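# Examining the three-dimensional arrangement
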Amino acid sequence: MDYNKLAELLFGHIDKEPEYYETLYPKRNLPEGAKVTRIGPSPTGFVHLGNLYNAIIGERLAHQSGGVFYLRIEDTDAKREVEGAVELLLSAMDYFGIRFDEGATLDGDNGAYGPYYQRQRKEIYQCFAKELVRRGLAYPCFCSEERLFAMREEQMAGKDNFGYYGKWALCRDLSLEEIEEKIKNGEEYVLRFRSFGDIDNTVELFDGIRGMLKLQENYQDFVLLKSDGIPTYHFAHVVDDHLMRTTHVVRGEEWLSTAPIHAQLFDTLGWQRPIYCHTTVLMKMDGETKRKLSKRKDPELGLNYYRQEGYVPEAVWEYLMTLLNSNYEEWRAENPDKEIGEFLFTTEKMGISGALFDMMKFDSVSQETLLRMPVSEIYDKMAAWLKEYDAEFYELFTRDRAFTERIIGVGRDGARPRKDLTNWKQARQFLSFYFDETFVKDDPYPENVSAEDRKEILNRYLATYDHNDDNSGWFEKIRTISAELNYAVKPKDYKKNPELFKGSITDVSNVIRVAVVGRCNSPDLWEICHIIGEDAMRNRVGKEL
RNA sequence: GGCUCCUUGGUCAAGUGGUUAAGACUCCGCCCUCUCACGGCGGCUACAGGGGUUCGAAUCCCCUAGGAGUCACCA
């Protein structure tokens, strides 16, 4: 068959030669060892943790080496495209501090290797498709969906391998005349790769994370161009990452099984293969078993979850880094004040078994992260979150900045800082009792204190209270009250001989605590009294009498 | 079903032929003049199973099991 004729028949409108694009997109002029990476999300309107996970890897690899990190929009599937998805993606990446050096933006392209929207690269792909046809390595396939479905059924029944290959590849050996005829009749077709791979061969592939891999060679005549002339992922990936001079392809494990397809394409086109870095899928615990995080079941897979819950982006970074590089946690413990960018990230230190997203651990990491944050910054970020998600509390929160910073700072400045603040959503829960407007009685009084004793405790507390007492002077008075009413001054004494006392000083303190704070658990009571002021304190206790 | 990847405590994990098999999170106990939190100390819990190779194996090889991914004109 005359392949040149076929190429002209299929791609008569393509007048560029491959060399044209090779010179249009020359090798990047970068220092030795600089890495070029990218993310290539589909604009489906859902930005998930995996996107960020891979973005962080790509960003680190590029920026640590003086290379380039870019964004390419993989919009080859018009059916799944959602309006506003690119905007959403850009905003999410920006929120999490992912900076692109070039690539797609809302206004179009930024960089010399564009277009960065795949649909706009149609002619480029077709140029290389034409070249493959010329070389006899690609052919049009007119098989209908029904025929493909029937083929699959038959393969399943006969326990054959699925797919379009060998004797199943009906269109592989169509003559030029047959092809001309079908096209003239307006039959739709896709362009398939004429694979020369052998099902029994293995192909070696180097993976930056996993090392040398032995995979089954591709023997399938996979689709290069869909019937609308738009490439499949496989073809687009190979053409784009070659022309955009990507050195490291970071992508999810789900691509591992099709990597031989990509290797075969790179090889036959005579291009150097990038270094693939196949990352693990993110898992979570579901009852007794691990499973992949699912978009439908797991809200924490969506990136906006963290924003809504008020987790800071830094914490998400910190946590993902601990998952990504096993030595990160150690580094962070030794360098609590350094910027995350100073850590040397390596693909070799990445784990290869499915990492489980552990909310408990994430919370702990978030706490550590917030602990390193100055109070004024916490104030700003908490305020910004409240403004968006809790307008009522936002009003109180921002009424007096000095006051609010003081209550945020309770227990943070001393030798033993509080570490229980995890996210901004906790603001109300942690701080509401400092404001009369949001003060409520959440907890009941201790059960083992009679109503009579309760009154007595509160009365004596008010009678002996002196706002000028220091913390220990203040506590001494509570001890006195406890002793007078026969509550053990030392909790241990009560534990040892419960029959000798009505309770312990813990109960007495908690009566006062519930009256003043409304709960059994709170930071230091003396400090709270001094923050809300004597009048407010007396007022609250008085209402309980 | 084919192909492939993965498998150290509840979880994340160090570990590359000789270790008392680190560390972190969780949980439990004790201590820190009251609760909470923080901190300190201590504890529970692991090399998936079976065969080899070797003086010696978590580490190398094989088999089995389990988990995961993929087998689209989706990415």
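Residues numbered from 1 in each chain as written. Chains lettered and ligands numbered in written order. Predicted model: local features only at pLDDT ≥ 70, side-chain atom pairs only at ≥ 80, totals over all residues. Heavy atoms only, no water.

So, about the protein's contact with RNA strand B. Close to RNA strand B lie 60 residues; R210, K226, K361, R479 and R513 are nearest. The protein-proximal atoms of RNA strand B, defined as those within 4 Å of the protein, are 71% sugar or phosphate. In the model, a phosphate oxygen of RNA strand B is placed 2.7 Å from a nitrogen or oxygen of the T76 side chain. K214 places a polar main-chain atom, nitrogen or oxygen, 3.4 Å from a phosphate oxygen of RNA strand B. Sort the elements by how many residues they give to the surface near RNA strand B and helix α21 (residues 505-517) lands first, with five residues. (Near = heavy atom within 4 Å. Polar contact = N/O pair within 3.5 Å; in protein donor to acceptor, adjacent residues only side chain to side chain. Helix = DSSP H or I, 4+ residues; strand = E, 2+ residues; numbered from the N terminus.)

The domains assigned to chain A are domain 1 (3-15 + 122-279), domain 2 (290-344 + 358-372), domain 3 (375-436) and domain 4 (451-542). Using only C-alpha atoms to locate each centre, domain 1 and domain 4 end up separated by 77 Å. (Domains from an automatic or database assignment.)

Let's shift gears to helix α13 (residues 359-371). With 13 residues, α13 extends 18 Å between its outermost C-alpha atoms, agreeing within 8% with the 18 Å of an ideal straight helix rising 1.5 Å per residue. Among all positions of α13, only F362, V365, S366, Q367, T369 and L370 are buried. On its buried side, α13 packs onto α10 (303-308), α11 (313-324) and α14 (375-389). Its side-chain oxygen at 3.0 Å from the backbone nitrogen of M360, D358 defines the N-terminal cap of α13. (Expected span 1.5 Å × (residues − 1). Buried < 20%, exposed > 50% of the residue type's maximum accessible area, 1.4 Å probe, protein only. Contact = heavy atoms within 4.5 Å.)

Two elements in contact, helix α18 (residues 451-464) and helix α19 (residues 471-484), have axes whose closest approach is 10 Å; the angle formed by their N-to-C orientations is 145 degrees. Two packed elements cross with a definite hand, and for α18 against α19 that hand is right-handed. Residues I457, R460, Y461 and T464 of α18 touch α19, and the partners they reach there are W474, K477, I481 and E484. (Axes fitted to C-alpha atoms, helices over the stretch in contact; angles between N-to-C directions. Left-handed = near helix turned anticlockwise from the far one by under 90°.)

This part is about the sheet that holds strand β1 (residues 36-39). What the four strands build is an open sheet, ordered β1-β2-β3-β4; its pairing is mixed. Both outer strands of the open sheet, β1 and β4 (108-110), are each paired with one neighbouring strand and no more. Neighbour-to-neighbour, the strand axes of the sheet open up by a mean angle of 20 degrees, direction not taken into account. With four bridges joining them, β1 and strand β2 (residues 68-71) adopt parallel strand pairing. Bridging across to β2, V36 finds its partner in V68. (Pairing = 2+ DSSP bridges.)

Moving on to the pattern of salt bridges. Going through the model one piece at a time under the given rule, you end up with 43 salt bridges. Linking E22 and R245 is a salt bridge whose minimum nitrogen-to-oxygen distance equals 3.0 Å. Taken together, the residues E22 in helix α2 (residues 18-24) and R245 in the loop between α8 (233-243) and β10 (248-252) connect sequence positions 223 residues apart. A salt bridge links D241 to R38; the nearest nitrogen and oxygen atoms lie 2.4 Å apart. Taken together, the residues D241 in helix α8 and R38 in strand β1 connect sequence positions 203 residues apart. Comparing D241 with R38, the two get one shared label, buried. Salt bridges sharing common partners tie together R38, R72, E74, R121, D240 and D241. (Salt bridge = Lys/Arg side-chain N within 4 Å of Asp/Glu carboxyl O.)

Per the counting criterion, the structure on display carries zero disulfides. Considering cysteine sulfurs only, C520 is the nearest to C529, which forms no disulfide, with 16 Å between them. (Disulfide = S-S within 2.5 Å.)

Okay, the pairing of strand β5 (residues 138-141) next. Going residue by residue along β5, you find A138 and P140 tucked away on one face and Y139 and C141 tucked away on the opposite face as well. Direction of pairing for β5 relative to strand β6 (residues 190-193): antiparallel, over a ladder of four bridges. Residue pairing in the sheet places A138 in a bridge with F193 of β6.

Moving on, we come to the packing of α19 against α21. α21 packs onto α19 with a crossing angle of 115 degrees between their chain directions and a minimal axis gap of 9 Å. At the point where α19 passes α21, the crossing takes the right-handed sense. Taken together, the residues of α21 that come into contact with α19 (itself represented by F475, I478, R479, I481 and S482) are I505, V508, S509 and I512. For the contact of α19 with α21, the residue count by class is six nonpolar, two polar and one charged. (Nonpolar A, V, L, I, M, F, W, Y, C, P; charged D, E, K, R; others polar.)

Turning our eyes to something else, we now look at the side chain of E318. By secondary structure assignment, the location of E318 is in helix α11. The class for E318 is buried, based on a relative accessible area of 5%. Each residue touching E318, except ones within four places of it in the same chain, is listed here: Y328, R332, I340, V365, T369 and R372.

Quick look at the environment of S65 now. Relative to the helices and strands, S65 is located in the loop between α3 (49-64) and β2. Once the C-alpha coordinates of S65 and P31 are considered, the two residues, 34 residues apart in sequence, prove to be 8.6 Å apart. If we ignore the near neighbours within four places in the chain, the residues touching S65 are G33, A34 and K35.

As a further point, take the confidence of the model for chain A. Mean pLDDT for chain A: 90, with 96% of residues reaching 70 or above. For this predicted complex, the interface confidence reaches an ipTM of 0.87, while the overall pTM sits at 0.88. (pLDDT = per-residue confidence, 0-100.)

A few words on α18. Here α18 contains 14 residues, and its C-alpha end-to-end distance of 20 Å stays within 8% of the 20 Å for a straight helix at 1.5 Å per residue. Along α18, the residues classified as buried are D453, I457, L458, Y461 and L462. Looking straight down α18, one finds that the buried residues subtend no more than 165 degrees of arc, so they occupy a single side. Of the exposed residues in α18, those oriented more than 90 degrees away from the buried face are E452 and A463. Residues of α18 that are buried make contact with α19, β15 (487-488), α21, α22 (525-532) and α23 (534-543). (Arc of directions from axis to C-beta.)

Among the surface-exposed residues, F206, M212 and I275 lie close enough to one another that they form a single nonpolar patch of about 280 Å² accessible area. Examined against the element boundaries, I275 turns out to sit in strand β11 (residues 275-279). (Patch = residues over 30% accessible without salt bridge, like charges linked within 9 Å, V, L, I, M, F, W, Y side chains within 5 Å. Areas by Shrake-Rupley, 256 points an atom, 1.4 Å probe, with all protein chains shown as cover.)

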